[in-house]
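Examining the three-dimensional arrangement
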Amino acid sequence: MTFWRKLRDGLRSTRQRETVAGEIHDELRFHHDRLTDQLVRDGLTRDQALAEARRRIGNLPLTQDAGYDVRGGGWLETTVQDVKYGLRRFRGQPAFSAVAVLTLALGIGATTAIFSVANGLLLRPLPYPDADRLVMVWMDNTRLGLREDWHSYPDYDDYRTRNSTFQDLAIFNSTSRTFAGSGEPERLQGAHGSPNLFTVLGVPPFRGRTFTDAENVPGANNVVVISHAFWVRRFAAKEDALESTMQLNGRAMRIIGVMPPGFDFPVKDTDFWVPTAPNENQRTSRGSLWLQSIGRLKPGVSRDQAQADLARINTDSLARFPAQRGYGVYVVDYLAQIVGRVRTAVLVLLGAVACVLLIACTNVANLLLARASTREREMALRAAIGAGRRRLVRQLVTESVLLGCLGGIAGVALAWAGLKTLLAMAPEDLPRVASIRMDPGVLMFAAGLSVFTGLVFGTLPALQVAAGDLNRALREGGRGATGVGRTVRRALVVLEVALAVVLLVGAGLMIRSFEKLQDVNLGFNADRVMTARIALYGQRYSTPQARQDFFAQVLDGTRVTPGIESAAAIGTVLLSTTPNSTNFSIEGRPDFPPEERVEVPVDPVSDDYFKTMKVALLKGRFFDGRDTATALQTVIINDTMARMFWSKENPVGRRIKYGQLSDSSPWMTIVGVVADTRRTGFDSAVRPETYLPYGQSPAGSMMVVVRAAGDPNDALAAVRAAVRRADPLISVHAARPLAELVGGLAAQRKLNTLLLVIFAGVAALLAAIGIYGVMGYSVAERTREIGVRVALGASSGGILRLVLFEGFTLAAIGIAVGLAGALALGRLMTSLLYDTPATDPATLAAIAGIAAAAALAASLVPAIRAVRLPATEALRAD
Amino acid sequence: MPPRTNADQLHGTLDMLVLKSLEAGPEHGYGISVRLHQLSADVLRVEEGSLYPALYRMEQRGWISSLWGLSDNNRRARYYRLTSSGRKQLRAETESWRALALAVERILEA
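These lines cover the structure that appears in this document, whether it is placed above or below. Fair warning: this is a prediction, and the values are worked out from it, not measured in the lab.

**Notes on the pairing of strand β15 (residues 599-605) of chain A**
Residues and elements named next belong to chain A. Taken across its 7 residues, β15 has 6 buried, putting it largely inside the fold. Note that strand β14 (residues 581-586) and β15 share 3 bridges and pair antiparallel. Bridging from a neighbouring strand, Thr 582 pairs with Val 600 of β15. When β15 meets strand β20 (residues 690-693), the two strands line up parallel, connected through 4 bridges.

Below, the structure is given as structure tokens:
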């Protein structure tokens, strides 16, 4: 039969269904009435006759349903009929249905929510045409153990001009400028880029044009492309903004283009793009690493081919320039680059929710199996009057899928609410947040999941019912399930305990890592400290003295404000993995060979910096009024650097210089050693660091750190007031309490831990409910046996032990399997852990203990019920 | 009073008995149960829970057909009647029943 004919017949029989129902009802009603009349004639009272007739006609609706098994029409009607029948059954058992639907909703909801995240982060293509051909090209700095180092311009030029695998290769780096228009000056996030950046990305401007090669040279580079958001915000989306000029850091820039909405390369909220315009020195210096690179592969070229191509060029460079020894090159998919950091976390969470869903399925399957025995009689009756076995299985599976769908609907609602909460808690540097949402794809996933879930947990009970000895069931009134059913139920409980243990171990390891992180000594005190960046620009600050005067005035002005404990400034408080850094040489020792050169960050700090941050002084002194521009150059190093290079001697008084011994940079005397501070995150190693006195190294862009006596926001107000008094054209931006910046380092980890703990908790709860259900059912099943035991003199304690032992045995097997699984899977989450092995014995032992205790607790209620059974009643049980 | 027997306890005989009762002419479900009861001299009683499913099953197999009509007390009732394939089926079942009954009888008298 063709599909269409089937459908047509199905529809027709659906229309007829109500008629069929009515006819069967009428027919039986007629029989019922005639029978009653006859019985009255035979001498029964009217009431007796009615009762007898009802007994003989039996359960009218059931007989009707049974009638359909034989009379019912096409497949569509059968399905509609099964669904209606199923719904009627659910209404008849509200407690069972609520538990089943809620359990499934938890499983499907959690899975759908995390899948939305995975979909948005990992699966949706990036908003660039043929985004799978975009790759990041990084320098692999084995000298520093730094995977993602940047390129020098000559290296980039080599790669771009000599490769055969890229359509084109572009460079970019982030920058920020102060925009002075009408109103408050505003600090803008922007990027330098090569003219081909936009064609590599494949995104044409929304208005106007992007920059040309002719504009990519110093002097001609006073052009700017702005973001759509900025165009709307500051120019009200007016067309005449194009070709007008705007002031960036006091320089007049001609607006030549507007990018389309949503274009946020290289980072979110980038407002403008300007030409890289390398000067002569940058063009030729191989030592200055300042560029990131993104390329578009030629169609059909694999990442490995591109990698090999660039490696060949790199090998050639290494041969020609020995100073580059240890510099490698590698290629990574742009999508992987963006989400790489969170990929493992998302996959682990996806695995965790899959476990929760599996446990939920197992629980519902167990509920159904327990119910199945009570339904054996119903099924046997229907089979006896002509419903085929396939037909019965089909109906049971339809009911399960229906249950899955109800759970799915509730689950999607749960996922929607959960996802909202999740996104509100998400760390702000979480990539691609905008693309995380419940789109049609996610809903399709949830729908498929619901149906699939129904099939998974429904098939087993359905097969059991159908395979049961129907005749026996009919005769015995469906007492107890078959031995096979019991074994299956137990196996399912073992499985869910094992899954819950795997999750609990994962959550336990995360908690332990988190605890260890809390104990990490940051080396500074972030309480009540406000940070903000102040960037000077323009002719007025072209001299070191002017910059120094400005910051001295701001810091002094802040310091004298009531409620401020201390105020200081530093280049950058917390470091990226690629901070502004340089190599150095030590007086009296030979130059380091190129492959042993170590790069150290260079940070100007004001005299009070270490005191303000409460960083301990280990040797020598802090900077003070002596360290002026005209005095001898001084430097303070951190403990790691002191131990690395002066392990047996006191570094104070020694001299170092940046670059090689032969370089013309000045010698700097080490005047102090300060304690290590964790500036690149809790979990990365502290690198050797150098600090310079601001008096000798007056940078134009500094971060102020101000400790308030009370609310750190008071400190911000004080800084703003001081800056306004010093120069109203300078803005204070990126103001954040230091505690928040530090918290941000661990935000992702915190969220991962929280989610895993929640999922593990839900899993453990469901598994406990599963044990409770199976043990409760087991006690009901063994009522008679228990009665016999009591009658033969078994004590209450003996009965209690009997039941507890059974529950505990199941749990013990589950725990053993779970621990083995956790050990096997542990290495997958190693990258999420800090200073905690995935096989941490303390965690494993603790989880085993918790799981065993939970299993005992879950068995206790049924056990107590067994003890309380009156022996007589127990013996009478059928 | 003779012992009562459920017709469906005699495996496979219910269909035959129903078909036989319809040989006399169309009848509704209640009428069939009354007819069987009377024909067996009050020995056989057909359970309603077995009768109707049997009727639906046989209708589906084409042995009987049904139509709505008016009963003797003027109520709407569904009447069943034998089809020609039903007649054939009745003949076949009767023959095999007789053969079986004969065989059983011989054994009992041996």
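There's more to say after this.
**What to know about the environment of Ala500(A)**
Residues and elements named next belong to chain A. Relative to the elements of secondary structure, Ala 500 occurs in helix α15 (residues 483-519). Here Ala 500 falls in the buried class, since 30 other C-beta atoms lie within 10 Å of it. Through-space distance from the C-alpha of Ala 500 to that of Ile 815 is 8.7 Å; in sequence the pair is 315 residues apart. If we ignore the near neighbours within four places in the chain, the residues touching Ala 500 are Ile 359, Ala 763, Ala 764, Ala 767, Gly 818 and Ala 851.

**What about the packing of helix α22 (residues 796-825) of chain A against helix α23 (residues 841-868) of chain A?**
Residue and element names in this part refer to chain A. Close contact between α22 and α23 brings their axes to 8 Å; oriented N to C, the two are set at 150°. As far as their axial angle goes, α23 and α22 are roughly antiparallel. α22 and α23 meet at a crossing whose hand is right-handed. Residue-level contacts link Ser 796, Ile 799, Leu 800, Val 803, Leu 804, Gly 807, Phe 808, Ala 811, Ile 815 and Leu 819 of α22 to Leu 844, Ala 848, Ala 851, Ala 852, Ala 855, Leu 856, Ala 858, Ser 859, Pro 862, Ala 863, Ala 866 and Val 867 of α23.

**Thoughts on unusual backbone geometry**
Both trends apply: most residues other than glycine have a negative phi, and most peptide bonds are in trans. Residue and element names in this part refer to chain A. With an omega dihedral of -5°, the bond running from Phe 265 to Pro 266 counts as a cis peptide bond. The residue Pro 266 is located in the loop between β8 (251-258) and β9 (272-275) in this model. Even without being a glycine, Arg 528 presents a positive backbone phi close to 60°. Following the sequence through the fold, Arg 528 ends up in the loop between α15 and β12 (529-535). The class of Arg 528 is partly exposed, set by 18 C-beta atoms lying within 10 Å. Backbone geometry places Asp 835, a non-glycine residue, at a positive phi of 55°. Relative to the assigned elements, Asp 835 resides in the loop between α22 and α23. Residue Asp 835 is classed as partly exposed on the basis of its C-beta count, with 14 C-beta atoms lying within 10 Å.

**Notes on helix α6 (residues 153-162) of chain A**
Because an α-helix completes one turn every 3.6 residues, residues spaced three or four positions apart along the sequence face the same direction. Residue and element names in this part refer to chain A. Buried residues of α6: Tyr 153, Asp 155, Tyr 156 and Tyr 159, and no others. Here the buried residues of α6 occupy an arc of 160° about the axis, which is enough to place them on one side. Against β1 (134-141), β3 (166-179), α9 (280-284), β10 (292-297) and α10 (303-320) lie the buried residues of α6.

**Re the pairing of β20(A)**
Residues in a regular strand point their side chains to alternate faces of the sheet. Residues and elements named next belong to chain A. Going residue by residue along β20, you find Thr 690 and Leu 692 tucked away on one face and Tyr 691 and Pro 693 tucked away on the opposite face as well. Sheet analysis places strand β17 (residues 634-638) next to β20, joined by 2 bridges and oriented antiparallel. Among the inter-strand pairings, Ile 636 is bridged to a residue of β20, identified as Tyr 691.

**Some thoughts on the nonpolar core**
If you look at the biggest cluster of nonpolar residues, it comprises 148 residues, and the most contacted ones within it are Val356(A), Val497(A), Ala500(A), Val501(A), Leu503(A), Phe759(A) and Ala763(A). Of the domains in this structure, domain 2 (143-325) and domain 3 (344-519 + 746-876) of chain A are the two that each give at least three residues to this core.

**Observations regarding the environment of Ile57(A)**
Tracing the chain through its elements places Ile57(A) in helix α2 (residues 46-57). Here Ile57(A) falls in the partly exposed class, since 19 other C-beta atoms lie within 10 Å of it. In this view, Ile57(A) contacts Leu28(A), His31(A), His32(A) and Glu48(B); residues no more than four positions away in its chain are not counted.

Quick notes on the rules
Residues numbered from 1 in each chain as written. Chains lettered and ligands numbered in written order. Predicted model: local features only at pLDDT ≥ 70, side-chain atom pairs only at ≥ 80, totals over all residues. Buried ≥ 20, exposed ≤ 12 C-beta atoms within 10 Å, placed from the backbone. Helix = DSSP H or I, 4+ residues; strand = E, 2+ residues; numbered from the N terminus. Pairing = 2+ DSSP bridges. Contact = placed C-beta atoms within 7 Å. Axes fitted to C-alpha atoms, helices over the stretch in contact; angles between N-to-C directions. Parallel < 35°, antiparallel > 145°, perpendicular 65-115°, else oblique. Left-handed = near helix turned anticlockwise from the far one by under 90°. Arc of directions from axis to C-beta. Core = buried A, V, L, I, M, F, W, Y, C linked by C-beta atoms within 7 Å. Domains from an automatic or database assignment.

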